[in-house]
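Topology and contacts: notes
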Amino acid sequence: MAWRGCFLCWSKGDILTLSYRGSRAAFLTQQRRGFRRASKKTETKPVEAEDAGRRQPVSSDTAVQKKGLAPHSEPPAPAAARSFTRLFKPMVFTLGFTGCSFATAAIWQYESLKSRVQSYFNEVRADWLERIRPQKQGDIRKQVNQWWNSLSEGQRTVTGIIAANALVFCLWRVPSMQRTMMKYFTSSPASKAVCAPMILSTFSHYSLFHMAANMYVLWSFSSSVVSLLGREQFMAVYLSAGVISTFVSYVCKTAMGRLGPSLGASGAIMTVLAAVCTKMPEAKLAIIFLPMFTFTAGSALKAIVAMDTAGLILGWRFFDHAAHLGGALFGIWYVFYGHELIWKNREPLVKIWHEMRTRGPGGGGGASP
């Protein structure tokens, strides 16, 4: 699976992250046009001839897939499917999903704050019982709890995302699931399903190396981004970034007539990268294998954006540069404007939810939590 990345660390010596991975894999890089005239003399078997007639340019992603379980793509879409009118539903879905994500995150944060006081007393009681209860030797559950408690809040937050990606990766290995995976877990403006894959493809990786690189970046940056945004806001930004970057990819694919499917978490991870680098532009980074060469996070972000811009303009097909740019620009925009425009204006929604909660059964009156 095609990917690219640079391994970054703080100049003080602590490894921060692998700063950039990139690829939304393209199984079909270009639709074939016209027909090939068959030669008069051929000894090719019927099945081989049929495969040769469908042969398309092979990317590095396809070369990797030949070694394993290669998914079957959908047939090329008719010309009518390439019109921009087909992007209306994805645009509405992008706006609606983004709004719902931030609304859910605001309510989630409200419920977390409300239950924090009571959970505090429960934890005090649990700690007291733990001290007076005989300690078990070799208790696996206790070891797992100790490992979980040793993680930062950001690492605990992204654990669920990594688990979801691992589950989807396993589903790609099931032959009977290939059709479903290709339809709903790869995103293409020419597909029959255009909305659901916008979010599902964000959790989809066909190559183990592809998934491992993406999840390593996410794990490495998780502590920084969650400390900046908080757990609930981070989840809203991450999920929205996956849909927004896919929509940008839809627009560019439709404009260029390249309707091949894509998959991967690159767009959402580019948002996380861009947000951290924009918020801390003077942070010193270095390539992990070349620690003597340092540069600022702001410079790294500029180089990544410039590379994807060149790739989009020049028509490079190795990566989904449109999705990368969409994710990076969304991360930059959110740090400068989105936080003030969206997250800090959530109070009216929280008040409505609070009134609904307090008026419901067992609400306990209209007092604020």
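Residues numbered from 1 in each chain as written. Predicted model: local features only at pLDDT ≥ 70, side-chain atom pairs only at ≥ 80, totals over all residues. Heavy atoms only, no water.

As a reminder of what qualifies: UniProt positions are given in the numbering used here, feature names are shortened, and annotations may be inferred rather than shown by experiment.
Under an unreviewed UniProt entry, the name given to the protein is rhomboid protease, and the source organism is Lepisosteus oculatus. Quoted straight from UniProt, the Catalytic activity (unreviewed entry) entry for the protein says "Cleaves type-1 transmembrane domains using a catalytic dyad composed of serine and histidine that are contributed by different transmembrane domains." The Subcellular location (unreviewed entry) comment attached to the protein in UniProt states, word for word, "Mitochondrion inner membrane".

**Some points on the packing of helix α5 (residues 153-172) against helix α8 (residues 208-229)**
The cut-off we apply is this: Note on method: axes are straight lines fitted to C-alpha atoms, helices fitted across the in-contact stretch only, with angles between N-to-C directions ranging 0 to 180 degrees. Going along the chain from the N terminus, every DSSP run of H or I of four or more residues is numbered as a helix, and every run of E of two or more is numbered as a strand. Put simply, angles under 35 degrees are roughly parallel, angles over 145 are roughly antiparallel, angles from 65 to 115 are roughly perpendicular, and the rest are oblique. When the near helix sits turned anticlockwise from the far one by under a right angle, the crossing is termed left-handed; a clockwise turn instead gives a right-handed crossing. It only takes one pair of heavy atoms within 4.5 Å for two residues to be counted as in contact. Each residue receives one of three labels: charged for Asp, Glu, Lys and Arg, nonpolar for Ala, Val, Leu, Ile, Met, Phe, Trp, Tyr, Cys and Pro, and polar for the others, Gly being one of them.
In the contact formed by α5 and α8, the axes pass within 8 Å of each other and the chain directions differ by 165°. In terms of their interaxial angle, α5 and α8 are classed as roughly antiparallel. In this structure, α5 crosses over α8, and the sense of that crossing is right-handed. Two secondary-structure elements touch here, α5 through Glu153, Gly154, Gln155, Thr157, Val158, Thr159, Ile161, Ile162, Asn165, Ala166 and Phe169 and α8 through Leu208, Met211, Met215, Leu218, Trp219, Ser222, Ser223 and Val226. Across the contact of α5 with α8, the residue classes tally to 11 nonpolar, seven polar and one charged.

**Some thoughts on the packing of aromatic side chains**
Rules: Aromatic pairing here means that ring centres of Phe, Tyr or Trp (its six-membered ring) are within 6.5 Å. Orientation follows from the plane angle: under 30 degrees is stacked, over 60 is edge-to-face, and everything else is tilted. Each residue is placed in one exposure class: buried if its accessible area under a 1.4 Å probe, protein chains only, is under 20% of its type's maximum, exposed if it is over 50%, and partly exposed if it falls in between.
Summed over all chains, the structure comprises eight aromatic pairs. Arranged with centres 5.4 Å apart and planes meeting at 85°, the rings of Trp172 and Tyr206 form a pair that is edge-to-face. Here Trp172 is found in helix α5, whereas its partner Tyr206 is found in the loop between α7 (196-200) and α8, with 34 residues between them in sequence. For Trp172, a relative accessible area of 0% puts it in the buried group. The exposure class assigned to Tyr206 is buried, which follows from its relative accessible area of 4%. Where Phe234 meets Tyr238, the ring centres are 5.9 Å apart and the plane angle is 40°; that geometry is what we call tilted. In this pair, Phe234 and Tyr238 both sit in helix α9 (residues 231-256), four residues apart, roughly one turn of the helix. Summarising the burial analysis for this pair, Phe234 and Tyr238 share the class buried. Through successive ring pairs, a cluster of aromatic residues spans Phe102, Phe330, Trp333 and Tyr334.

**Description of the environment of Ala236**
Its place among the elements puts Ala236 in helix α9. Classification of Ala236 by relative accessible area gives buried; the value is 2%. For Ala236 and Ala105, which are 131 residues apart along the polypeptide, the C-alpha to C-alpha distance reads 6.0 Å. With near-sequence residues (within four places) excluded, Ala236 lies in contact with Ser101, Phe102 and Ala105.

**Some words on the packing of helix α10 (residues 266-279) against helix α11 (residues 297-314)**
Where α10 contacts α11, the axes come no closer than 8 Å and their chain directions differ by 140°. Remark: the crossing between α10 and α11 carries left-handed chirality. Between α10, through Met270, Ala274, Cys277 and Thr278, and α11, the contact on the second element is made entirely by Ala297, Gly298, Leu301 and Ile304. A class-by-class count of the residues in the contact of α10 with α11 yields six nonpolar, two polar and no charged.

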